[in-house]
Amino acid sequence: MRNLKIAVVLASMLTSAAAFAQNAMVQGEVKKIDAAAAKITLKHGPIKNLEMDAMTMVLRVNDPDMLKNLKVGDKVKFEAERASEGVTITKMQKSK
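Worth saying up front: this structure is predicted, and the values here are computed from it rather than measured.

### Considering the pairing of strand 4 (residues 75-83)
In step 1: Strand direction decides the pairing type here: strand 1 (residues 26-34) and strand 4, joined by 4 bridges, are antiparallel. Looking at strand 4, one finds that Val26 is bridged to Phe78.
In step 2: By the bridge criterion, 8 bridges tie strand 4 to strand 5 (residues 86-94) in an arrangement that is antiparallel. Along strand 5, the bridge assignment pairs Lys77 with Gln93.
In step 3: The turn joining strand 4 and strand 5, which pair antiparallel and follow one another in sequence, is formed by 2 residues.

See below:
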């Protein structure tokens, strides 16, 4: 019984680690900002959790405040998810 509990805990940890790895932060560069529409154009690396290759595209942000301190040319790291409105950035921070 104890071995079963240990196996369940280990399986849970591995599943959590896999989920985290899928939502790893993606590198990007700001190409355009449309604060009024809560959209940003990024040249970004692959977004693995969305099975998207590297490209330049317009993305929505779920919180327009994410755009406040950004300017064209800034490097960012972000996470994105599919939403009913399209691909949406859920987390974003400046990077070096």
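### Examining unusual backbone geometry
In step 1: Look at Ala38: it is not a glycine, yet its phi comes out positive at around 55 degrees.
In step 2: Among the structural elements, Ala38 can be located in the loop between strand 1 and strand 2 (39-44).
In step 3: Assessed through its relative accessible area of 15%, Ala38 is described here as buried.
In step 4: Despite not being glycine, Glu51 has its phi angle at roughly 55 degrees, a positive value.
In step 5: Mapping Glu51 onto the fold places it in the loop between strand 2 and strand 3 (55-61).
In step 6: Classification of Glu51 by relative accessible area gives exposed; the value is 76%.

### Let's talk about the environment of Pro46
In step 1: If you trace the backbone, Pro46 turns up in the loop between strand 2 and strand 3.
In step 2: Ignoring anything within four residues of it in the chain, the contact list for Pro46 reads Val26, Met52, Asp53 and Ala54.

### Topic: the nonpolar core
In step 1: Membership of the largest hydrophobic core comes to 20 residues, with the highest contact counts inside it found for Ile40, Leu42, Leu59, Val61, Phe78, Ile89 and Met92.
In step 2: At the level of secondary structure, the elements contributing two or more residues to this core comprise strand 1, strand 2, strand 3, strand 4 and strand 5.
In step 3: Apart from the residues within four sequence positions on either side, Leu59 is in contact with Ala38, Lys39, Ile40, Leu42, Phe78, Val87 and Ile89.

### Details of the sheet that holds strand 3
Backbone-to-backbone hydrogen bonds join strands into a sheet, with any given pair of strands oriented parallel or antiparallel.
In step 1: Spatially, 5 strands are ordered 1-2-3-5-4 in a closed barrel, and the strand pairing comes out mixed. For this sheet the average axis-to-axis angle between neighbouring strands, irrespective of direction, equals 55 degrees.
In step 2: Here 2 bridges tie strand 3 to strand 5, and the two strands are oriented parallel to one another. Bridging from a neighbouring strand, Val61 pairs with Ile89 of strand 5.

### What to know about the side chain of Thr88
In step 1: Assignment of secondary structure puts Thr88 in strand 5.
In step 2: Thr88 gets classed as buried once you look at its relative accessible area, which sits at 7%.
In step 3: At a separation of 3.1 Å, a polar atom in the side chain of Thr88 contacts the main-chain carbonyl oxygen of Gly86.
In step 4: Aside from chain neighbours lying at most four places away, what touches Thr88 is Arg60, Val61, Asn62, Glu79, Ala80, Glu81 and Ala83.

Procedures and definitions
Residues numbered from 1 in each chain as written. Predicted model: local features only at pLDDT ≥ 70, side-chain atom pairs only at ≥ 80, totals over all residues. Heavy atoms only, no water. Pairing = 2+ DSSP bridges. Helix = DSSP H or I, 4+ residues; strand = E, 2+ residues; numbered from the N terminus. Buried < 20%, exposed > 50% of the residue type's maximum accessible area, 1.4 Å probe, protein only. Contact = heavy atoms within 4.5 Å. Core = buried A, V, L, I, M, F, W, Y, C linked by side-chain atoms within 4.5 Å. Axes fitted to C-alpha atoms, helices over the stretch in contact; angles between N-to-C directions. Polar contact = N/O pair within 3.5 Å; in protein donor to acceptor, adjacent residues only side chain to side chain.

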